[in-house]
Amino acid sequence: MTVKNKVIVITGASSGIGEASAKLLASNGAKVVLGARRESRLQEIDNDIKLDGGQATYLKTDVTKPEEVQALVDLAKSEFGGIDVIFNNAGIMPSSPISALHIKEWNQMIDINLKGVLNGVAAVMPDFVTQKGGQIVTTSSVAGIKSFAGAGVYGATKFAVRNLMEVIRMESAQEGTNIRTASLYPAAINTELLGTITDDATKTGMEDFYKQVGFTPDAVARVVNFAVNQPADVNVNEFTIYPTKQA
Ligand code: NDP
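Residues numbered from 1 in each chain as written. Predicted model: local features only at pLDDT ≥ 70, side-chain atom pairs only at ≥ 80, totals over all residues.

Caption draft 1: Geometry of the overall build of the protein. Counting its secondary structure elements, the protein contains 7 helices and 7 strands. When its helices and strands are written in sequence order, the protein yields β-α-β-α-β-α-β-α-β-α-β-α-α-β. In summary, the protein has a C-alpha radius of gyration of 17 Å against a globular reference of 18 Å for 247 residues, a match within 12%. For the protein, the C-alpha atoms occupy an extent of roughly 50 × 45 × 35 Å along the three principal directions. Taking all 247 residues of the protein together, the buried fraction comes to 45%. Long-range contacts, defined as pairs at least 24 residues apart, comprise 71% of the intrachain contacts of the protein with a sequence gap of at least 6. (Helix = DSSP H or I, 4+ residues; strand = E, 2+ residues; numbered from the N terminus. Rg over C-alpha atoms; globule rule 2.2 N^0.38 Å. Buried ≥ 20, exposed ≤ 12 C-beta atoms within 10 Å, placed from the backbone. Contact = placed C-beta atoms within 7 Å.)

Below, the structure is given as structure tokens:
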């Protein structure tokens, strides 16, 4: 089975990479289940997909709440009869130097970018084990494969989910459960993400950088589509996605 008819849960589907991926996957015949906190945005995207002839549904979801992520996966099963893929994409990036001690934001990043992914994994794992198959795609970042000054905690969450995806792949191979994992490492993508930065100097620097090199979330959506489109015995794992302008 390729993208067509797959049931795909997407977190962080209300903007940016999640929105672009939902629209592309739905246009290729997937049944997409959209989760994020901004319900009105989800409703608009759900409507756009349906106007385009696609299949979608949505649920207001905060990924820091395990019961809400579970409800999103349960919606996939009740509405579309099963779950094939979860795309753990929700994230925030309130980056700042460690010395600035934005401790509240450190914890928010850990809760959303790391624990949010764990909540997604936990919500699908029982079904994936039972059905001996399923795919977990997670948006890490280039900050999950190399260190950037000013992105210490953000990078820590993104390194962590990279490790998590690889370990799930290894354990699945050992346990014979055929669970596939893919980590995405996008570089500068023009989305609403920079709006989560509160540290003025970091924000100005990032905005200037993104203006120079940033590119469209559609590029990441095409990579998600490629990963999901692989046959069940092919596990494509790691994708860096750089704009050609970014060094
Ligand atoms: P956006 O800000 O456009 O999208 C982030 C998404 O995450 C939104 O849909 C937002 O929805 C959702 N989100 C945030 N917090 C929560 C939460 N607690 N519960 C549920 N959903 C939440 O930015 P991007 O599209 O760029 O970000 C998507 C992913 O890509 C993130 O994980 C980010 O770290 C990663 N990334 C982005 C890069 C970039 O340059 N843009 C580069 C590398 C990685 P809502 O606010 O409605 O809840």
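Caption draft 2: Region of the structure containing the sheet that holds strand E2 (residues 31–36). Pairing is parallel across the open sheet formed by 7 strands, whose spatial order is E3-E2-E1-E4-E5-E6-E7. At either end of the open sheet lies a strand with only one pairing partner, and these are strand E3 (55–60) and strand E7 (238–241). Ignoring strand direction, the axes of neighbouring strands in this sheet form an average angle of 15°. Two elements, strand E4 (residues 85–88) and strand E5 (residues 134–139), share 4 bridges in a ladder whose sense is parallel. Its bridge partner being in E5, Val85 is matched across the sheet by Gln135. Its contacts with the sheet put helix H2 (residues 39–51) on E2 and E3, and the angle it makes with E3 is roughly 175°. (Pairing = 2+ DSSP bridges. Axes fitted to C-alpha atoms, helices over the stretch in contact; angles between N-to-C directions.)

Caption draft 3: Representation of the site of the ligand within the structure. Around the ligand, 31 residues are found, and the nearest of them are Gly12, Gly16, Arg37, Arg38 and Gly91. A per-element tally of the shell around the ligand places helix H1 (residues 16–27) first, with 3 residues. Residues that form the shell around the ligand fall into these classes: 13 nonpolar, 13 polar and 5 charged. (Near = placed C-beta within 6 Å. Nonpolar A, V, L, I, M, F, W, Y, C, P; charged D, E, K, R; others polar.)

Caption draft 4: A look at the pairing of strand E6 (residues 179–186). Of all 8 residues that make up E6, 8 are buried, and the element is covered over most of its length. For E5 and E6, the ladder comprises 6 bridges, and the chain directions are parallel. The partner of Ile136 across the bridge, within E6, is Thr181. Read as a crossover between parallel neighbours, the route from E5 over helix H5 (residues 152–175) to E6 is right-handed. Inspection of the sheet shows E6 paired to E7 by 4 bridges, in the parallel sense. Directly across from Tyr185, in E7, lies its bridge partner Thr240. (Right-handed = clockwise from strand over helix to strand, strands pointing away.)

Caption draft 5: Inspection of unusual backbone geometry at higher detail. A positive phi is found at Asn5, a non-glycine position, where the angle reads about 75°. As for its placement among the helices and strands, Asn5 is situated in the segment before strand E1 (7–11). For Asn5, a count of 12 C-beta atoms within 10 Å corresponds to the exposed category. Unlike most non-glycine residues, Asn178 shows phi in positive territory, near 55°. A tally of 17 C-beta atoms within 10 Å means that Asn178 is categorised as partly exposed.

Caption draft 6: Spotlight on the nonpolar core. By size, the foremost hydrophobic cluster in this structure holds 66 residues, and its most contacted members are Ile8, Val9, Leu25, Val32 and Leu34. It is helix H4 (residues 103–130) that provides the largest number of residues to this core, a total of 7 residues. Apart from the residues lying within four places of it in its own chain, the contact partners of Val32 are Ile8, Ile10, Ala22, Leu25, Ala26, Ile49 and Ala56. (Core = buried A, V, L, I, M, F, W, Y, C linked by C-beta atoms within 7 Å.)

These values are about where atoms sit, not about what they do.
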